[in-house]
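What follows is each chain in one-letter form.
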Amino acid sequence: MINKAHKEIGIRKVLGASLSQVLLLITRDFIVLVGISCVIASVVAFYFLRHWLDGYYYRIHLGVGVFVGSALGAIAIAIVTVSFQAVKAALMNPVESLRAE
């Protein structure tokens, strides 16, 4: 996505957007997608794990904390990864991205 958004980032920087505004623009889309995927994956995993764990004699309670912790971990990894790429794209000279096409 960042490769496709170089021209948009260049235009926003020329018009005066700060680094934090560019980061928020790029990161927000990815965080929403990761959040939606975590919700879907948690529901599916809870359903299958509950039925799988019921087959054992010593049962454990599958709490919400496991799913919340894994979702927060996935969101943190996504933020770090996307922010690194977004900072690299935002620090690029906007003239080069606008001149390329």
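Residues numbered from 1 in each chain as written. Predicted model: local features only at pLDDT ≥ 70, side-chain atom pairs only at ≥ 80, totals over all residues. Heavy atoms only, no water.

Novice: Go over the overall build of the protein chain, please, and point to the residues and values.
Specialist: Regarding its fold elements, the protein chain presents 4 helices and 0 strands. In sequence order, the secondary structure elements of the protein chain are arranged as α-α-α-α. Computed over its C-alpha atoms, the radius of gyration of the protein chain comes to 20 Å, more than 25% above the 13 Å expected for a compact globule of 101 residues. Its C-alpha atoms give the protein chain principal-axis dimensions of about 65 × 20 × 15 Å. Buried residues in the protein chain amount to 23% of all 101 residues. When contacts within the protein chain are restricted to residue pairs at least 6 apart in sequence, long-range pairs at least 24 apart make up 76% of them. Carbon together with sulfur atoms contributes 70% to the accessible area of the protein chain, which is approximately 7,400 Å² in total. Here the protein chain holds 9 positive side-chain charges and 5 negative ones, and the gap between their average locations is 2 Å. (Helix = DSSP H or I, 4+ residues; strand = E, 2+ residues; numbered from the N terminus. Rg over C-alpha atoms; globule rule 2.2 N^0.38 Å. Buried < 20%, exposed > 50% of the residue type's maximum accessible area, 1.4 Å probe, protein only. Contact = heavy atoms within 4.5 Å. Areas by Shrake-Rupley, 256 points an atom, 1.4 Å probe, with all protein chains shown as cover. Lys, Arg positive; Asp, Glu negative; His and termini not counted. Charge placed at Lys NZ, Arg CZ, Asp CG, Glu CD.)

Novice: Could you give me a rundown of the packing of helix H1 (residues 6–14) against helix H2 (residues 19–53), with the residues and numbers involved?
Specialist: For the pair H1 and H2, the least separation of the axes is 10 Å and the interaxial angle reads 150°. Comparing their axes, H2 and H1 come out roughly antiparallel. As H1 packs across H2, the resulting crossing turns out to be right-handed. Only Val 22, Leu 25 and Ile 26 of H2 make contact with H1, whose side of the interface consists of Glu 8, Ile 9, Arg 12 and Lys 13. Classifying every residue of the contact of H1 with H2 gives 4 nonpolar, no polar and 3 charged. (Axes fitted to C-alpha atoms, helices over the stretch in contact; angles between N-to-C directions. Parallel < 35°, antiparallel > 145°, perpendicular 65-115°, else oblique. Left-handed = near helix turned anticlockwise from the far one by under 90°. Nonpolar A, V, L, I, M, F, W, Y, C, P; charged D, E, K, R; others polar.)

Novice: Could you give me a rundown of the nonpolar core, with the residues and numbers involved?
Specialist: The biggest cluster of nonpolar side chains holds 9 residues, and these are Ala 5, Ile 9, Val 22, Leu 23, Ile 26, Val 82, Ala 86, Ala 89 and Ala 90. Put simply, the parts of the chain that give this core at least two residues each are H2 and helix H3 (64–90). If one sorts the elements of this core by residue count, H3 sits on top with 4 residues. Excluding anything up to four places from it in sequence, Val 22 contacts Ile 9, Lys 13, Ala 17 and Ala 90. (Core = buried A, V, L, I, M, F, W, Y, C linked by side-chain atoms within 4.5 Å.)

Novice: Provide a residue-level description of H3, including the pertinent values.
Specialist: For H3, built from 27 residues, the straight-helix expectation of 39 Å at 1.5 Å per residue is met to within 8% by its first-to-last C-alpha distance of 38 Å. Within H3, burial applies to Phe 67, Ala 71, Ala 78, Val 82, Ala 86, Ala 89 and Ala 90. Those residues of H3 that are buried are in contact with H1 and H2. (Expected span 1.5 Å × (residues − 1).)

Novice: Tell me about the packing of aromatic side chains, residues and numbers included.
Specialist: By convention here, two paired aromatic rings are described through the distance between centres and the angle between planes. This structure, assessed with the given rule, holds 4 aromatic pairs. Plain terms: the ring middles of Tyr 47 and Phe 48 are 5.3 Å apart, the flat faces sit at 75° to each other, and that makes the pair edge-to-face. With relative accessibility at 44%, the residue Tyr 47 sits in the partly exposed group. (Phe/Tyr/Trp six-rings, centres within 6.5 Å; stacked < 30°, edge-to-face > 60°.)

Remember, this is a structural readout, not a statement about activity or role.
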